Structures are given as structure tokens and as C-alpha cells.
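Spelled out from the first residue to the last, the chains are:
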Amino acid sequence: MRSASFRGMNRTNEGVVHVAWGGAAVLSVHSYSGDYIDACEQQMRAQLDAYALLAAAATASGASGASVATSFEIYFFGNLVLVLDRYFVHRTRALEGRDGNALNEVRMIGASLLHHGGVLTAEKSIKYVAARSATKVQIGDRIFLTDARFRTLCDAYFAEMRHRYT
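In this text, all values refer to a predicted model and were calculated from it rather than measured experimentally. (Residues numbered from 1 in each chain as written. Predicted model: local features only at pLDDT ≥ 70, side-chain atom pairs only at ≥ 80, totals over all residues. Heavy atoms only, no water.)

### Thoughts on the overall build of the chain
- If you tally the helices and strands in the chain, you get five helices and three strands.
- Ordered by position from N to C terminus, the α and β elements of the chain give β-β-β-α-α-α-α-α.
- Looking at the chain residue by residue over its 166 residues, the buried ones come to 38%. (Helix = DSSP H or I, 4+ residues; strand = E, 2+ residues; numbered from the N terminus. Buried < 20%, exposed > 50% of the residue type's maximum accessible area, 1.4 Å probe, protein only.)

### Observations regarding the packing of helix H1 (residues 34–60) against helix H2 (residues 63–87)
- Contact pair H1 / H2: the axes reach a minimum separation of 10 Å and the direction vectors enclose 175 degrees. If you check the angle between H1 and H2, you find them roughly antiparallel. Note on element contacts: H2 touches H1 through Gly65, Ala66, Ala69, Phe72, Glu73, Phe76, Phe77, Leu80, Val83, Leu84 and Tyr87, opposite Tyr36, Cys40, Gln43, Met44, Gln47, Leu48, Tyr51, Leu54, Ala55, Ala58 and Thr59.
- When its residues are assigned to classes, the contact of H1 with H2 shows 17 nonpolar, four polar and one charged. (Axes fitted to C-alpha atoms, helices over the stretch in contact; angles between N-to-C directions. Parallel < 35°, antiparallel > 145°, perpendicular 65-115°, else oblique. Contact = heavy atoms within 4.5 Å. Nonpolar A, V, L, I, M, F, W, Y, C, P; charged D, E, K, R; others polar.)

### Digging into the environment of Ala55
- Turning to its location among the elements, Ala55 is positioned in helix H1.
- Looking at Ala55, the relative accessible area reads 15%, which means it is buried.
- A sequence separation of 17 residues divides Ala55 from Phe72, and the C-alpha atoms of the two residues are 9.2 Å apart.

### Some points on the pattern of salt bridges
- Per the counting criterion, the structure on display carries ten salt bridges.
- In this structure, Glu41 engages Arg162 in a salt bridge whose closest nitrogen and oxygen atoms are separated by 2.6 Å. Of this pair, Glu41 sits in helix H1 while Arg162 sits in helix H5 (residues 147–165); the two residues are 121 residues apart in sequence, bridging distant segments of the chain.
- Linked through salt bridges whose partners overlap, the residues forming this network are Asp38, Glu41, Arg45, Asp155 and Arg162. (Salt bridge = Lys/Arg side-chain N within 4 Å of Asp/Glu carboxyl O.)

### Some details on H2
- Look at H2: 36 Å from first C-alpha to last across 25 residues, which is about the 36 Å you get at 1.5 Å a residue.
- At Glu73, H2 is deflected by roughly 35 degrees, the largest bend along its length.
- Within H2, the full set of buried residues consists of Gly65, Ala69, Glu73, Phe76, Phe77, Gly78, Leu80, Val81, Leu84, Asp85 and Tyr87.
- Its buried side turned inward, H2 meets H1, helix H4 (102–115) and H5. (Expected span 1.5 Å × (residues − 1). Bend = angle between axes of the 7 residues up to and from the residue.)

### Looking at the nonpolar core
- If you look at the biggest cluster of nonpolar residues, it comprises 35 residues, and the most contacted ones within it are Met44, Phe88, Phe150 and Phe158.
- Taken together, the elements giving at least two residues each to this core come down to H1, H2, H4 and H5.
- For this core, the leading source of residues is H5, giving seven residues.
- Beyond its immediate chain neighbours, meaning those up to four positions away, Phe88 contacts Tyr32, Tyr36, Ile37, Cys40, Tyr157, Phe158 and Met161. (Core = buried A, V, L, I, M, F, W, Y, C linked by side-chain atoms within 4.5 Å.)

### Describing the environment of His90
- Here His90 lies in the loop between H2 and helix H3 (93–96).
- On the basis of relative accessibility, which here comes to 39%, the residue His90 falls in the partly exposed class.
- In this structure, the C-alpha to C-alpha distance between His90 and Leu27, residues 63 residues apart in sequence, is 6.3 Å.
- Not counting residues within four places of it along the chain, the set of residues in contact with His90 comprises Leu27, Ser28, Val29 and Tyr32.

Distances and angles like these do not, on their own, reveal function.
Shown next, in the form of C-alpha cells:
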């Protein structure tokens, strides 16, 4: 199997960098408009509002409904982490930094959910410190995001996107 090799990069006027690896171009975005970030955040808020209605209805139906809502929560908010990451999947990693910020945290949680059985796994290039993170999940812990934990992560994520990419 042949390994990919870096071939160079070219910037465009639209905030997109075309990076060539092994002859194939890969897009890398180094800026997003405030309108795009706002639209992504509005879509996320709509999903959170829909969840709040569903959880309230389930809880109002009694103990079994509350139990179902709690069981659903782990999957729902894990999937929303993947949605957050996907909104900005082509972001330039150099601008993201490696200081354990909310962008790094979303990347790590997403990779851990997809590839490590839902256990938060360290990424060598990221200086993650659970005490400074939005979710407070420790490396090696099973990821269980509640509504409150996810909302904290979501707020920090969009703030960091605005800070680093606009």
C-alpha cells in the first residue's frame, strides 16, 4: 500500500485552501461567515428545543417515560456531537489549535464515539485537560452527555468557532 505524500497547497479567495495529498485535492476551510455559523447554531438550537419537548412529554407520562428519555439522551447527544463536528468538518486544523478547546473536545468525543466504543480516548496532538473542558469527561471514561453537558459544550463550541474562524 502506497502512503500519501504532501504535494502542496493553494489558497482561494473564498477562504478555502486546496491541499494536495498523493495527487488528490482536499479542501481546508480557514474562515466561515458569521451568517453560516449563526445558521448552524440555529439548526442545533431547533434540535435541542425538539428534544426538550420530547423529554418533557416523556417525563410527564411517568417514571417509565422518564427512564426512556434518559436512555435516549446518551444516543441523542452523542449524535449531536457528530453533527457539530460535521458542520465544520473541513476546518483548518492549524487554526483550531491543540490547547484542549471546545473544538478539540468535539473532535475527540466524536472520534471516541465512532472508533473507541464511546470511551474518551486521548489524541496525541491535543492537550486535553478534563477540568478545563466543557464536559469534564476524563480520558478513559465512558462518554455520557446529558442535556446540560451538551448545551455547555455546544455554547463553547460555537463561541470558539466565532473566535478562531471568522
